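Below, each chain spelled out in residue letters.
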Amino acid sequence: MQTLERIEMLDAICKLFPEIGFRGKEDLIRLVELELKSLTALDDFFDYGGAKTKAIAPRQIYHVLAANLYVAGFQSVLLGLLVGSFNVVQCPQPVTEPLLRFISLLPKKLKNQVKLCFEFNQEAFEQSDCIVVFGGNRTIEHFKALTPSDKRFVGHGHKVSLIWVGTIENINREKITLSAKDISLFNQLGCLSPQSMLIEESTPSTIILSFCEALAESLSKRSSEKGFDINIEELAAIKQLRDCAKALGWTVWESSLTEINPWTVIHRRSNSFEPTCGYRTIYVDSVDKTKLKEWLKPIQGMISTVGVFETIPDDIVRLFINAGATRFCSVGEMQQPSAFWHHDGRNRIEDLVRWVDWEIQNQDVKS
Amino acid sequence: MEGQRSFFQDPANRQWWIDQLLSLRENPQNFESLAFRLYDFQRKHCPAYKTLTETIANRLSSWKEIPAIPQELFKKETIFCYTIEQAAGHYLTSGTTSGIQGRHYFLDPLIYKAVSLQGANEAAIPIHRACLHFLTESPNENPHSSLSAMFSFWAESNPFPSYFWIQNKTFCIDPFIQKLNLDISAGRNVGICGTAFSFVLLMEKHPKSLSLPQGSFILETGGMKGKHKEIDKKEFYQKLSSYFGITQDCIFSEYGMTELSSQAYSKGTDGTFLVPPWAKVLVIDPRTEKECQVGQKGLVRWIDLANVDSVLCIQTLDIAIKTQEGFYLIGRSNHAPPRGCSLSIEEIAFFENTHR
């Protein structure tokens, strides 16, 4: 099956599941062209740097999905199908239902290219030539250790995202509302969810307090929207974070924990990053710009997205890039990356393929 | 007088406090006044508690309203009513979840010693009628383990020989089995005390079962804390019972924590945990901060009057069901599994441990 044929078949599924991030076949075509340089790169050799080259897709990809991250599962399987691989999907129970639905809506020819398993399938793992893993860093390390060096390994571990606010002169309520949206989506559990908003220490404390109050108000307005069920362990984690903040003398704005979507805003002056527990719990961190590098040290290499509140100075951009950030965007857009974004700073389909170069001038090559 | 920082620095006053605690069995009505006295003292002298309680209404109508500090705070801040230089020592939390260890400072270990001994007596654990084998390090090897300290207090007060079987970080299984077999042959009662993990390891490494003399007991504590695949408690007790040849009502479970001075105990697989008279456990609904009804699930909050040098009221993340007499511990769940792909403190610690 040629690439374009697969793209045609995937067009409908992109439209049925807009959360995957592709609007339809146009986006898929563009993705192949951007990453593989030619729409037919997977089908034929094409001219490349004075020679010819062709992308070879894995025969079989073994996907390990994380619990409750069904969108990442959809994306991973879709990209596997796009390059023409057979896909074995190790699927944890919480994401089984959405994944089964996704697969059931695939055209038959593509459906036959996907097999689900509900626990580790040693045989399928060994037969696969590419391993894609989503999950915590322990899970990534575990599967990486299992993967022989001749197989391609692509790991997407947990990441952290932040919002750079900088100096505040006036309270920009529109941007605060957009920030509240970024914080609230997916109950702040995703790698694109901001955990901290960074404000320059030189900002007058009265303005910071007004900023936090406005943020609390925006989060409060979103608190009745459809949310997750929060279990007792998660409630306990929120409560603990709040109580620790109070005992440490930080200012806390909070909703009742009886609300459907409880929220918490904590203003602190800290020397280094510390994650929140999710569930709309955001730190507003006053940081000294000259000490930002130190502040970011605990999450060096683990930063995903930096949301920009209004503007961000070049030296701060460089600092975040050096700390490993892979994406900058405006607030309000943090949870919706471009269809062509580099997930964890890498090309998404190019990462799966290997290239075969043909440098013999006097003989043409057919695929 | 009792509000002054020097009050609990005076050994005579500390002994008076111990006497007050130990008399609570006969005079339980005194619990509240003692709790309020200690609360007033600590909120004046423990800076973090002072900060926390300043945000909360001062007038309390019941000991149940005493504000709790989160257990986690011991990892972030010094929770002590004096300067660190004045501490006689400290115990360290395990740090298994985040890699960060909390510290529990104390002026002297005498109150801990007194309540550790009396707490075991209150729970009817026959620590004075058996040779004691501790599957832990001794305090000499691990001076910052509150569990080792408690076991050493038991050992000191026990007229029979006692042994610590973890030496140089190694569980000395063969010498332990040899000594145990000698005790068994001589018909001596034995008490074997250790973490659940140490018992699992013992049964794995030395699968041949034993037959302890009647009157012997097992005391397990601490759960697996991420060290081993956790097993169901019922299954675990069945295994212990058949391995050691004792009935399940000779198996005790201890529930305590480094940040506290007192312990709760249960007996047998279905045992409700009970606390001694100088401590209380409230099962709290985190949504409302109110005490749960009998049969409801909530978070364990301790009020421990033996915690004189730090803070008496500690909110844990441990989950329990309130029962008529005490509480049934469901899990020491201080790390709910993350539901998304956002980074957690545990992962930062894991990354630092493995990559730096």
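Structure: above.
Just so we're clear, the structure is a prediction, and the values are computed from it rather than from any experiment.

On to the overall build of chain A, then. Per the secondary structure count, chain A includes twelve helices and 15 strands. The C-alpha radius of gyration of chain A comes to 23 Å, within 12% of the 21 Å expected for a compact globule of 367 residues. Counting only C-alpha atoms, chain A reaches 75 × 45 × 35 Å along its principal axes. Across the 367 residues in chain A, those meeting the buried criterion constitute 42%.

Residue Gln188 of chain A is not a glycine yet carries a positive backbone phi of 65°. Tracing the backbone shows Gln188 of chain A in the loop between α8 (173–184) and β9 (194–200). Among the residues examined, Gln188 of chain A registers 24 C-beta atoms within 10 Å and is labelled buried. The phi dihedral of Lys169 of chain B is positive, around 65°, even though this residue is not glycine. Mapped onto the elements, Lys169 of chain B comes out in the loop between β6 (166–167) and β7 (170–171). The exposed category is assigned to Lys169 of chain B, around which 8 C-beta atoms lie within 10 Å.

A few words on the sheet that holds strand β11 (residues 264–269) of chain A. Residues and elements named next belong to chain A. In space, the seven strands of this open sheet follow the order β10-β11-β12-β9-β8-β13-β14, with mixed pairing throughout. The sheet terminates laterally at β10 (251–254) and β14 (327–330), the two strands that pair on one side only. Along the sheet, successive strands turn relative to each other by an average axial angle of 20°, direction set aside. Pairing of strand β8 (residues 160–166) with β9, which is carried by five bridges, proceeds in the parallel orientation. Counted as the bridge partner of Leu162 is Ser196 from β9.

A separate point is helix α3 (residues 70–83) of chain A. All names here are of chain A. Between the first and last C-alpha of α3 there are 20 Å, a value that for 14 residues agrees with the 20 Å anticipated at 1.5 Å per step. Most of α3 is tucked away, with 13 of its 14 residues classed as buried. Positive backbone phi, at 95°, marks Gly84, one or two positions downstream of α3.

What follows is about helix α9 (residues 233–244) of chain B. Residue and element names in this part refer to chain B. A rise of 1.5 Å per residue sets the reference length of α9, with its twelve residues, at 16 Å; its end C-alpha atoms lie 16 Å apart and thus fit the reference within 8%. Of all the residues in α9, the buried ones are Phe236, Leu240 and Phe244. The buried residues of α9 all sit within an arc of 45° when viewed along its axis, so they share a single face. The outward face of α9, more than 90 degrees from its buried face, is lined by the exposed residues Lys234, Glu235 and Ser242. Buried-residue contacts for α9 involve α8 (196–205), β9 (217–221) and β10 (251–255). Note on α9: the residue one or two positions beyond its end, Gly245, has a positive phi of about 65°.

Reading the values: the criteria
- Residues numbered from 1 in each chain as written.
- Chains lettered and ligands numbered in written order.
- Predicted model: local features only at pLDDT ≥ 70, side-chain atom pairs only at ≥ 80, totals over all residues.
- Helix = DSSP H or I, 4+ residues; strand = E, 2+ residues; numbered from the N terminus.
- Rg over C-alpha atoms; globule rule 2.2 N^0.38 Å.
- Buried ≥ 20, exposed ≤ 12 C-beta atoms within 10 Å, placed from the backbone.
- Pairing = 2+ DSSP bridges.
- Axes fitted to C-alpha atoms, helices over the stretch in contact; angles between N-to-C directions.
- Expected span 1.5 Å × (residues − 1).
- Arc of directions from axis to C-beta.
- Contact = placed C-beta atoms within 7 Å.

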